[in-house]
Amino acid sequence: MDNITTITDPTGVESVIITHDDGSFTSMLKSTYDAIQASSTLAANSAPQANSTES
Amino acid sequence: MSRAQLTSMTADNVVQETLVGSTGNSIKGGSVAPFVAGKNKIINGDFNIWQRGTSFSSISSGTFTADRWFVNFDGSGATRSVSQQTFTPGSAPVAGYESSYFLRLATTVAGSGQTYSNLAQRIENVQTFANQTVVVSFWAKANAAISLGTVFGQNFGSGGSSSVYTVGPSFTLSTSWARYTGYITLPSISGKTVGTGSYLELDLTWPQNSTFTLDVWGVQLEAGSVATPFTTASGTFQGELALCQRYYYRQSGTENASMFLGYGQAYSSSQLYWTTRLPVQMRTTVQALDYYGLQVYLNSSGSGYGISSISINQSSSISPSLFVTCTSGLSTNTMYNIFMAGSSSYLGFSAEL
């Protein structure tokens, strides 16, 4: 399970640090993270599928 | 020059062709020359570039695999992997075409509750191919006769109109390599508002809630209704790498386990700022970093300070400034070196759509 923390650097920039199970990290500005979360929810609710079952 | 081909129509706008001999120089029709840079809007359609690695197990939705390609799905309980596979010279994927690698997507545990499942690529700018007929083509095979569909998503970016999804042609794959082509006319964007970061998305939709192994190579999306011979977006190795690096750039320890990355100036005993330079101007300011196994050193012979986080301080499309937090011991205002700390170390910069 990814661990998500928020840091603020000395100049006031807020970032999200995602620690993955394998010990690797992903970081991004908190504003970017929030925008991705919002668009992911929107996409999941609207994307159609061309084929729904194996033929 | 000519080539013999067997063509069978499987639907009104779907073609499966099996090349039985080809020079690779002929085209089937239309006015598009066979090797034109920019004809194919899919980047890394030959799966030759894998900056993030060559094997991805237990992948989660949104994971990027081969450069520019990501998986997107819902549901739960499925086990999937994506891996780079190597063509045997002379066999890839049909006579007359040669390439190094193809992509394999395997679902070994079916899972349940899936309503969408895609191998996808986002093409910059929703105006791409809007209100035009486009033909998608690719070579593929599977472990059994499975259905592979297509969906085209027009995303109007931040502040833009709502996304429009259009279901494209579907194909029934066989267990042998074959090229599949199908065309569709994409919706007009008349009356839409285009915001920042808009894109056209091609989804190759794989079977849901079932197990399968899918191999794919040579994905092409071009204008018209007739597929022309495959070429990469740029037509060159270095051009394709640069195209990929517009969206993602990784420095990796596999090349040099102790690679020097740059200098940073200590702000405190455990913090430093570091401005780096990217080899290609990215699509937009760097949106995310991914990293593993980096260290800070005063000099190449001293003890290292383990890095606990790297974040973006001032983003840029070419020269981002980073904020690094490491174990304590730095001297304020002193310059330090940032190095890879092993062959598995890496630092990636993303400006993906």
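The structure reproduced in this document is the subject of the present report. (Residues numbered from 1 in each chain as written. Chains lettered and ligands numbered in written order. Predicted model: local features only at pLDDT ≥ 70, side-chain atom pairs only at ≥ 80, totals over all residues. Heavy atoms only, no water.)

Thoughts on the overall build of chain B
Logical step 1: Counting secondary structure elements, chain B contains one helix and 23 strands.
Logical step 2: Sorting the 353 residues of chain B into buried and exposed places 55% on the buried side.
Logical step 3: Excluding contacts between residues fewer than 6 apart, the proportion of contacts in chain B whose partners are at least 24 apart in sequence is 75%. (Helix = DSSP H or I, 4+ residues; strand = E, 2+ residues; numbered from the N terminus. Buried < 20%, exposed > 50% of the residue type's maximum accessible area, 1.4 Å probe, protein only. Contact = heavy atoms within 4.5 Å.)

What to know about the sheet that holds strand E1 (residues 3-8) of chain A
Logical step 1: Pairing is antiparallel in the open sheet, where six strands are placed in the order E1(A)-E2(A)-E3(A)-E18(B)-E23(B)-E15(B). Strand pairing shows two members of the sheet lacking a second neighbour, E1 of chain A together with strand E15 (248-252) of chain B, which therefore form its edges. Ignoring strand direction, the axes of neighbouring strands in this sheet form an average angle of 15 degrees.
Logical step 2: Pairing between E1 of chain A and strand E2 (residues 14-19) of chain A: six bridges, direction antiparallel. Note that in E2 of chain A the partner of Asn 3 of chain A across the bridge is Thr 19 of chain A. (Pairing = 2+ DSSP bridges. Axes fitted to C-alpha atoms, helices over the stretch in contact; angles between N-to-C directions.)

Considerations on the sheet that holds strand E16 (residues 260-266) of chain B
Residues and elements named next belong to chain B.
Logical step 1: Judged by pairing direction, the barrel is antiparallel, and its six strands sit side by side in the order E16-E17-E21-E20-E19-E22 before closing back on the first. With strand direction ignored, the average angle separating the axes of adjacent strands in the sheet is 40 degrees.
Logical step 2: Note: strand E19 (residues 294-297) against strand E20 (residues 304-314), three bridges, orientation antiparallel. Of the residues in E20, the one forming a bridge with Gln 295 is Gly 306.

Description of the pattern of salt bridges
Residues and elements named next belong to chain B.
Logical step 1: Per the stated rule, a full pass over the model turns up eight salt bridges over all chains.
Logical step 2: Two residues, Asp 215 and Arg 104, come together in a salt bridge whose shortest N-O distance is 2.7 Å. Taken together, the positions of Asp 215 in strand E14 (residues 212-223) and Arg 104 in strand E6 (residues 101-109) put the pair 111 residues apart, joining distant regions of the chain.
Logical step 3: Asp 215 gets classed as buried once you look at its relative accessible area, which sits at 3%.
Logical step 4: Overall, Arg 104 belongs to the partly exposed group, its relative accessible area being 26%.
Logical step 5: Close ionic contact of Arg 122 with Glu 201 constitutes a salt bridge, the shortest N to O distance being 2.6 Å. Of this pair, Arg 122 sits in strand E7 (residues 117-124) while Glu 201 is found in strand E13 (residues 199-205), placing the two residues 79 residues apart along the sequence. An identical accessibility class is assigned to Arg 122 and Glu 201; each is buried. (Salt bridge = Lys/Arg side-chain N within 4 Å of Asp/Glu carboxyl O.)

Some words on the interface of chain A and chain B
Logical step 1: Taken together, the 28 residues of chain A in the interface contact 38 residues of chain B.
Logical step 2: Counting each side, the surface lost to burial between chain A and chain B is near 2600 Å², with a carbon and sulfur contribution of 53%.
Logical step 3: At the junction of chain A with chain B, the criterion picks out zero salt bridges.
Logical step 4: Taken together, chain A and chain B are joined by five residue pairs in polar contact (both at pLDDT 80 or more).
Logical step 5: Elements with a minimum of two residues in the side of chain A that touches chain B: E2, strand E3 (25-29) and helix H1 (30-44) of chain A. (Buried area = accessible area lost by both parts, 1.4 Å probe. Polar contact = N/O pair within 3.5 Å; in protein donor to acceptor, adjacent residues only side chain to side chain.)

Brief notes about the nonpolar core
All names here are of chain B.
Logical step 1: If you look at the biggest cluster of nonpolar residues, it comprises 38 residues, and the most contacted ones within it are Leu 103, Phe 138, Phe 152, Leu 173, Val 219 and Leu 221.
Logical step 2: Taken together, the elements giving at least two residues each to this core come down to strand E4 (70-73), E6, E7, strand E8 (133-142), strand E9 (147-155), strand E12 (178-185), E13 and E14.
Logical step 3: Not counting chain neighbours up to four residues away, the residues in contact with Phe 138 comprise Leu 148, Phe 171, Leu 173, Ala 178, Arg 179, Tyr 180, Leu 204, Val 216, Trp 217, Gly 218 and Val 219. (Core = buried A, V, L, I, M, F, W, Y, C linked by side-chain atoms within 4.5 Å.)

Concerning the packing of aromatic side chains
The geometry of an aromatic ring pair is captured by two quantities: the separation of the ring centres and the angle between the planes.
All names here are of chain B.
Logical step 1: Enumeration according to the criterion identifies 21 aromatic pairs over all chains in this entry.
Logical step 2: Judged by centre distance (5.3 Å) and plane angle (40 degrees), the ring pair of Phe 47 and Trp 69 falls under tilted. Of this pair, Phe 47 sits in the loop between strand E2 (14-21) and strand E3 (55-57) while Trp 69 sits in the loop between E3 and E4; the two residues are 22 residues apart in sequence, bridging distant segments of the chain. The pair Phe 47 / Trp 69 is uniform in exposure class, with both members buried.
Logical step 3: Consider the rings of Tyr 273 and Phe 323, whose centres lie 5.2 Å apart with planes at 45 degrees: the pair is tilted. (Phe/Tyr/Trp six-rings, centres within 6.5 Å; stacked < 30°, edge-to-face > 60°.)

Description of the pairing of strand E17 (residues 271-275) of chain B
All names here are of chain B.
Logical step 1: Taken across its five residues, E17 has four buried, putting it largely inside the fold.
Logical step 2: Inspection of the sheet shows E16 paired to E17 by two bridges, in the antiparallel sense. Paired with Gln 265 across the strands is Tyr 273, a residue of E17.
Logical step 3: The hairpin turn running from E16 into E17, its antiparallel successor, is four residues long.

A short note on the side chain of Thr 63 of chain B
Logical step 1: In this structure, Thr 63 of chain B sits in the loop between E3 and E4.
Logical step 2: A polar contact is formed between the side chain of Thr 63 of chain B and the backbone oxygen of Ser 60 of chain B, at a distance of 2.6 Å.

Side note on the side chain of Gln 114 of chain B
All names here are of chain B.
Logical step 1: In this fold, Gln 114 is placed in the loop between E6 and E7.
Logical step 2: Relative accessible area serves as the criterion here: at 5%, Gln 114 is assigned to the buried category.
Logical step 3: For Gln 114, the side chain forms a polar contact with the main-chain nitrogen of Asn 209, separated by 2.8 Å.
Logical step 4: The contacts of Gln 114, once residues within four sequence positions are left out, are Asp 74, Gly 75, Ala 78, Arg 80, Pro 207, Gln 208 and Asn 209.

Some thoughts on the pairing of strand E22 (residues 335-340) of chain B
Residue and element names in this part refer to chain B.
Logical step 1: Counting buried positions along E22 gives five out of six residues, so the element sits mostly inside the fold.
Logical step 2: Bridge count between E16 and E22: five bridges; the pairing is antiparallel. Following the sheet pairing, Phe 260 is matched in E22 by Phe 339.
Logical step 3: Bridge analysis of E19 against E22 gives four bridges, and the strand direction is antiparallel. Of the residues in E22, the one forming a bridge with Gln 295 is Phe 339.

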